[in-house]
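Listed below, chain by chain, are the residues.
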Amino acid sequence: MPMNKQQVINSLINEVSVPNKEFGSAFASTNIALCKYWGKRNAELNLPMTSSLSISLGHLGACTKIGFAAGTTDQYTLNNAAVSENTVFYRRLVEFLDLFRPTADTVFSVTTQTNIPVAAGLASSACGFAALVKAMQDLFAWPLSLEQLSILARLGSGSASRSFWDGFVQWDAGVREDGMDSFAYSLEQEWSELRVGLLHIDNKPKGCSSREAMQATVETSPFYKLWPQTVANALTVTKQAIIDRDFWSLGATAEANALAMHALMLSTTPAIVYTQGATLDCMRQVWCARAEGLNLFFTQDAGPNLKLLFLSKDEAKVKELFAQVEIVAPFATITKPVECLHD
Ligand code: PMV
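Note that the coordinates shown come from a computational prediction; the quantities given were computed from them, not determined experimentally.

Notes on helix H3 (residues 124-140)
- For H3, which comprises 17 residues, the first-to-last C-alpha distance of 24 Å matches the rise-based estimate of 24 Å (1.5 Å per residue) to within 8%.
- With 12 of its 17 residues buried, H3 lies for the most part within the structure.
- Within H3, burial applies to Ser124, Ala126, Cys127, Phe129, Ala130, Ala131, Leu132, Val133, Ala135, Met136, Leu139 and Phe140.
- Backbone geometry just downstream of H3 places Ala141 in the positive-phi region, at approximately 50°.

Shown next, in the form of structure tokens:
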């Protein structure tokens, strides 16, 4: 029998949550998929059609504090501004919080600080839901493992299931209807020379959410049937590339996987296009630089921004090519943003 979100949560947190302290707080890094999650086998539980693999972005992410509030409606503050109750953002958060209220009249106060643009294809929902789940665990002291927290965060946003670990993380599609085998885990591999470069092309919130876009792709792209095998192959090659420290193989596979995902969207009716003219210009610059011998690749999510992949020895050349690039060293010791220091 298919389960709903509440049943999954009740099976993990079987006693009514009693707050352990006045508020809970936590930081979660955002993550960028090298082998993408695109399409769900169960939309209610965000169960993916395929497994996926990501890299966490260290100090870039969300810091969330959750406590209780007076009144009748939840309060949500994002980057120092109150979020209006009429926004999709607010409704998504409240819908999620509804699943965790100890009593029907519990009102929450949630404050989030992010250091990445929100809803611009930079995985803000990934770190957002992961930080919220971690902060709730801090508040209620649930005796849950990281894998179980990963399941809870998945119910908010699929990619959030991968934001509980640093470095390379795999999220398994699983086969169970209740999704208890669909959680993420660390691949426990370090690659200190690896760099991710964020190219902020347009940070305005996107028009079509990844949730809607994924659904439309699965339903109407004639090529979607090729996707599960495409990702399975990419996963095998990427995991071997990580073990072998074969950067060319990792970068080439990630770039091809992102382009295949966007090709699926182009073949959706109506077509979904996140790529802008400036995105394409940057892709061409990457291809030219590569033709001239630079080991540089990109990946792209559900937005116009690109994430470059390269090694530390090429940092200067990448900066010369893209003056505006924001470089992240995913395996450097994490320095949390100042506002998260209480965590
Ligand atoms: O977790 P969602 O619903 O925001 O979907 C994320 C989809 C991609 O970022 C495009 C791919 C991925 O695996 O993160």
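There's plenty left to go through after this.
A short note on the packing of aromatic side chains
- Counted according to the given criterion, the structure contains 13 aromatic pairs.
- Measuring from centroid to centroid gives 6.1 Å for Phe164 and Trp165, while their planes differ by 65°, and the two rings are edge-to-face.
- Each ring, one from Trp191 and one from Phe247, has its centre 6.4 Å from the other, and the planes form 85°; the classification is edge-to-face. With a gap of 56 residues between them, Trp191 in the loop between strand E9 (184-186) and strand E10 (194-199) and Phe247 in helix H7 (residues 247-266) connect regions that are remote in the sequence. Across the pair, exposure class does not vary: Trp191 and Phe247 are buried alike.
- Within the aromatic cluster, the residues linked to one another by ring pairs are Phe68, Phe96, Phe100, Phe108, Phe129, Phe140 and Trp142.
- Lying across the ring of Phe23, Lys65 places its NZ or CZ 4.1 Å from the centre.

Thoughts on the pairing of strand E11 (residues 297-300)
- Burial along E11 is two-sided: the residues Phe297 and Thr299 and Phe298 and Gln300 are all buried.
- Pairing analysis gives four bridges linking E11 to strand E12 (residues 306-311), with the strands arranged antiparallel. Along E12, the bridge assignment pairs Phe298 with Leu308.
- Remark: five residues form the turn of the hairpin made by E11 and E12, two consecutive strands paired antiparallel.

Brief notes about the nonpolar core
- One finds Leu152 and Phe168 to be the most contacted residues of the largest nonpolar core, which totals 85 residues.
- Within the second largest apolar cluster, 14 residues are counted, among which are Phe298, Leu308, Phe310 and Val318.

Brief notes about the pairing of E10
- With six of six residues buried, E10 is to be regarded as a mostly interior element.
- Burial along E10 is two-sided: the face carrying Leu194, Val196 and Leu198 and the face carrying Arg195, Gly197 and Leu199 are both buried.
- Where E10 lies against E12, six bridges are found, and the strand directions are antiparallel. Bridge pairing in E12 links Leu199 to Leu306.
- Here E10 pairs with strand E13 (residues 326-328) via three bridges, running antiparallel. Looking across to E13, one finds that Gly197 is bridged to Ile327.

Definitions and limits used
- Residues numbered from 1 in each chain as written.
- Predicted model: local features only at pLDDT ≥ 70, side-chain atom pairs only at ≥ 80, totals over all residues.
- Heavy atoms only, no water.
- Helix = DSSP H or I, 4+ residues; strand = E, 2+ residues; numbered from the N terminus.
- Expected span 1.5 Å × (residues − 1).
- Buried < 20%, exposed > 50% of the residue type's maximum accessible area, 1.4 Å probe, protein only.
- Phe/Tyr/Trp six-rings, centres within 6.5 Å; stacked < 30°, edge-to-face > 60°.
- Lys NZ or Arg CZ within 6 Å of the ring centre and 35° of its normal.
- Pairing = 2+ DSSP bridges.
- Core = buried A, V, L, I, M, F, W, Y, C linked by side-chain atoms within 4.5 Å.

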